[in-house]
Amino acid sequence: MTGTIKLNYTFIDSSGSNLSDVSLYNRDATLTTDGSGVWTSEIPFDISSNAAITNPNSYYFKGADYFTADVSDNWSGSFTFSIWVKPTQEMELYDSIFSTSDTHNVNHSWQLEAVNSGKWNIRVNTPNNGVKTFNIDDISQNNWQHIAISWENNDISSNKYLKTYYNGNLVQTYNSTNTSFIDDLNFNFVKYKLATNRKDRKSVV
């Protein structure tokens, strides 16, 4: 899938309340905090890798900490999204590591969340068929894990698909042959929010 990089957050800073977006859009995210979270040098990359050079730090979210960036020209459609995360305690229902609006009432808004079964989950609102969810894989506490989503939106229903990946492995492909509501599915980005859901509910990662 080709296209413009919409956001690319790098954890190159080791302090402060700003998260730099190195995409062409420069939508830096601002930290909202109650003072509990901290910058840390713990990362999932080999220290000699290019990834470690651009991401030499991470952020330990606690309490009500999260990063957010407004998207004035909100967008939807095809995309690929990936994120590294390390939960340090049991995550509760709807605790999220990424979300795209301030309310679940926005059509096609979505969040990457935890569910009671101890799995990572995609929750998205569709205008005609309501909330749809897609399980990804088990949450591994105290371990770095990589989650990726690939969505292909198309005017032809049979060409639409949603793919989910966990630690580099394809978990599931959803398309018109195995998902009856694919016609109504899309993903909308009104905000970029890290470590909170669409109602600013905390996540500890």
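Conventions and cut-offs
Residues numbered from 1 in each chain as written. Predicted model: local features only at pLDDT ≥ 70, side-chain atom pairs only at ≥ 80, totals over all residues. Heavy atoms only, no water. Helix = DSSP H or I, 4+ residues; strand = E, 2+ residues; numbered from the N terminus. Buried < 20%, exposed > 50% of the residue type's maximum accessible area, 1.4 Å probe, protein only. Polar contact = N/O pair within 3.5 Å; in protein donor to acceptor, adjacent residues only side chain to side chain. Contact = heavy atoms within 4.5 Å. Salt bridge = Lys/Arg side-chain N within 4 Å of Asp/Glu carboxyl O.

## Topic: the side chain of Ser 109
Thought 1: Mapping Ser 109 onto the fold places it in the loop between β8 (96–99) and β9 (110–114).
Thought 2: Residue classification places Ser 109 among the buried residues on the basis of a relative accessible area of 0%.
Thought 3: Within the structure, the side chain of Ser 109 is placed 2.9 Å from the side chain of Arg 198, a separation counted as a polar contact.
Thought 4: Ignoring any residue separated from it by four or fewer positions in sequence, one finds Ser 109 in contact with Thr 100, Ser 101, Thr 103, His 104, Arg 123, Val 124, Asn 125, Asn 188 and Arg 198.

## Here we look at the side chain of Lys 160
Thought 1: Looking at where Lys 160 falls in the secondary structure, it is placed in the loop between β12 (145–152) and β13 (161–166).
Thought 2: Of the polar contacts made by the side chain of Lys 160, one reaches the side chain of Asn 153; its length is 3.5 Å.

## Details of the pattern of salt bridges
Thought 1: As enumerated under the stated definition, the model contains 7 salt bridges in all.
Thought 2: The residue Arg 27 makes a salt bridge to Asp 73 at a minimum N-O spacing of 2.5 Å. A residue pair is termed long-range when its members are at least 10 positions apart, and Arg 27 in the loop between β2 (18–21) and β3 (29–32) and Asp 73 in strand β6 (residues 66–76) qualify at 46 residues.
Thought 3: The class for Arg 27 is buried, based on a relative accessible area of 9%.
Thought 4: Residue Lys 191 is joined to Asp 70 by a salt bridge in which the shortest nitrogen-to-oxygen separation is 3.4 Å. With a gap of 121 residues between them, Lys 191 in strand β15 (residues 188–194) and Asp 70 in strand β6 connect regions that are remote in the sequence.
Thought 5: Look at the salt bridges and you will find they share partners, linking Asp 70, Asp 102, Lys 191 and Lys 193 into a network.

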